[in-house]
Amino acid sequence: AQSVTQLGSHVSVSEGALVLLRCNYSSSVPPYLFWYVQYPNQGLQLLLKYTTGATLVKGINGFEAEFKKSETSFHLTKPSAHMSDAAEYFCAGMDSNYQLIWGAGTKLIIKP
Amino acid sequence: ETGVTQTPRHLVMGMTNKKSLKCEQHLGHNAMYWYKQSAKKPLELMFVYSLEERVENNSVPSRFSPECPNSSHLFLHLHTLQPEDSALYLCASSLGQGGNGYTFGSGTRLTVV
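For every chain, the first residue of the written sequence is number 1, and numbering continues from 1 onward in sequence order. Here every chain gets a letter starting at A, and every ligand a number starting at 1, in the order they are written. Owing to the predicted nature of the model, reporting of local features is limited to residues with pLDDT of at least 70; listing and counting of side-chain atom pairs is limited to 80 or more, with chain, interface and lining totals taken over all residues. Heavy atoms from the whole structure form the basis of all side-chain values; hydrogens and water molecules are not counted.

### Here's the deal with the overall build of chain B
Rules: Put simply, DSSP marks the helices as runs of H or I at least four residues long and the strands as runs of E at least two long, and each gets a number from the N terminus on. In this scheme, a residue with accessible area under 20% of its type's maximum is buried, one over 50% is exposed, and one in between is partly exposed, where area comes from a 1.4 Å probe on protein chains only. Accessible surface area values rest on a Shrake-Rupley calculation with a 1.4 Å probe, where residue burial reflects the displayed protein chains alone. Positive residues here are Lys and Arg, negative ones are Asp and Glu, while His and the chain termini are left out of the count. The atom standing in for a charge is NZ when the residue is Lys, CZ when it is Arg, CG when it is Asp and CD when it is Glu.
Along the backbone of chain B there are 0 helices and 11 strands. Helices (α) and strands (β) of chain B occur, in sequence order from the N terminus, as β-β-β-β-β-β-β-β-β-β-β. Considering only C-alpha atoms, chain B reaches an extent of 35 × 25 × 25 Å along its principal axes. Within chain B, the proportion of its 113 residues that are buried is 49%. Carbon together with sulfur atoms contributes 50% to the accessible area of chain B, which is approximately 5400 Å² in total. Computed over 10 positive and 9 negative side-chain charges, the inter-centroid distance for chain B is 10 Å.

### Let's talk about the sheet that holds strand β1 (residues 4-7) of chain B
All names here are of chain B. Worth spelling out the cut-off: Note on pairing: two strands pair once DSSP finds at least 2 bridges between them. Convention adopted: a line fitted to C-alpha atoms gives each axis, helices being fitted over their contacting stretch, and angles between N-to-C directions are expressed from 0 to 180 degrees.
As summarised here, the arrangement of the 4 strands in space is β1-β3-β8-β7, forming an open sheet in which the pairing is antiparallel. Sheet topology places β1 and β7 (64-70) at the edges, where each strand pairs with a single neighbour. Adjacent strand axes in the sheet meet at a mean angle of 15° when their direction is disregarded.

### Let's talk about the pairing of strand β8 (residues 73-78) of chain A
One face of the sheet, then the other: side chains in a regular strand alternate in exactly this way. All names here are of chain A. Among the 6 residues of β8, 5 are classified as buried, and the element is accordingly described as predominantly covered. Sheet analysis places strand β3 (residues 19-25) next to β8, joined by 4 bridges and oriented antiparallel. Pairing of L21 across the sheet is with L76, part of β8. Alignment of strand β7 (residues 64-68) against β8, held across 5 bridges, turns out to be antiparallel. Its bridge partner being in β8, E64 is matched across the sheet by T77.

### Quick word on the interface of chain B and chain A
Put simply, the test is: Whether two residues are in contact is decided by their heavy atoms: any pair within 4.5 Å suffices. What counts as buried area is the accessible surface, traced by a 1.4 Å probe, that two parts surrender upon association, with contributions from both included. Salt bridge criterion: a side-chain nitrogen from Lys or Arg within 4 Å of a carboxyl oxygen from Asp or Glu. Charged means Asp, Glu, Lys or Arg here, nonpolar means Ala, Val, Leu, Ile, Met, Phe, Trp, Tyr, Cys or Pro, and polar covers whatever is left, Gly included.
Facing 17 residues of chain B, the contacting portion of chain A comprises 17 residues. When chain B packs against chain A, close to 1500 Å² is buried across both sides, 52% of that on carbon and sulfur atoms. Inspection of the chain B/chain A interface yields 0 salt bridges. Among the secondary structure elements, those contributing two or more residues to the side of chain B that touches chain A are β4 (31-37) and β9 (87-94) of chain B. For the side of chain B that touches chain A, the per-class residue count stands at 7 nonpolar, 8 polar and 2 charged.

### Overview of the nonpolar core
The nonpolar side chains of a soluble globular protein tend to be buried, and buried together. What counts here: Throughout this description, the term nonpolar core refers to a set of buried Ala, Val, Leu, Ile, Met, Phe, Trp, Tyr and Cys residues connected via side-chain atoms within 4.5 Å.
Core analysis: the largest hydrophobic core is formed by 27 residues, its most contacted members being A:W35, A:L48, A:L76 and A:Y89. Going through the elements one at a time, β2 (10-14), β3, β4 (33-38), β5 (44-50), β7, β8, β9 (87-94) and β11 (106-111) of chain A are the ones with two or more residues in this core. Element by element, the count of residues in this core is highest for β3(A), at 4 residues. B:V4, B:L76, B:L78 and B:Y89 belong to the second-largest nonpolar core, a separate cluster that totals 22 residues.

### Examining the state of the cysteines
All names here are of chain A. Quick reminder of the rule: The disulfide criterion used throughout: a pair of cysteine sulfur atoms within 2.5 Å.
Applying the stated criterion to the full structure yields 2 disulfides over all chains. With its sulfur 1.9 Å from that of its partner, C23 forms a disulfide with C91. Of note, the bridge from C23 to C91 carries an S-S torsion of about -65° and is left-handed in sense. Of the two residues, C23 is situated in strand β3 and C91 in strand β9; the sequence distance between them amounts to 68 residues. Just as C23 is buried, C91 falls in that class too.

### Some words on the sheet that holds β7(A)
All names here are of chain A. Pairing is antiparallel across the open sheet formed by 5 strands, whose spatial order is β1-β3-β8-β7-β6. Edge positions in the open sheet fall to β1 (4-7) and β6 (56-58), since each of these has one partner strand only. In this sheet, neighbouring strand axes are inclined to one another by 20° on average, regardless of whether the strands run parallel or antiparallel. With 4 bridges joining them, β1 and β3 adopt antiparallel strand pairing. Opposite T5, over in β3, you have N24 as the bridge partner.

Below is the structure:
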């Protein structure tokens, strides 16, 4: 079955530290990959997407992700965490029927 | 404001009530979606409309009834719900197959009492 797996339901980092949120996808998921962010009491907002072309994708709010086909990964990073980054982050891949397969989400906690 | 507007933001209803959730987008998108988001569960796709025709119904109970009168509006009609239906209901829209991503509304927080 096609799947998108996010490692860690919660990730805690100190303000100013590197943020790394992990996402792996099953190889049957075509390389349309997305990261979304959800702030409390809000809907989901597209952070960045990979469709074709450059494997390092830059998104909003200083986030970026690298598509690594050999590792079937699409990890999300940010060099320096800010308190405003506290939210839940969802990785998603688009299957051959153009439906989104969602990861379970990772809550990012920022320690002052 | 994301471009997809959902109303109401919060809704409390009894199990015998009938209510409707509304979603509106003026982004020129031609596909719209209803998702259910429950605590500690993955996002669940409920319904997909493409060009105003329903193309997906993920075995959703009949107490949920969608309606898409035009490409800008989407409704979710609710009747005789159960407490386990309490959740955040999210509407999204996309252009074409959604390869450039979906735009989500802020959701309706539904509580069934």
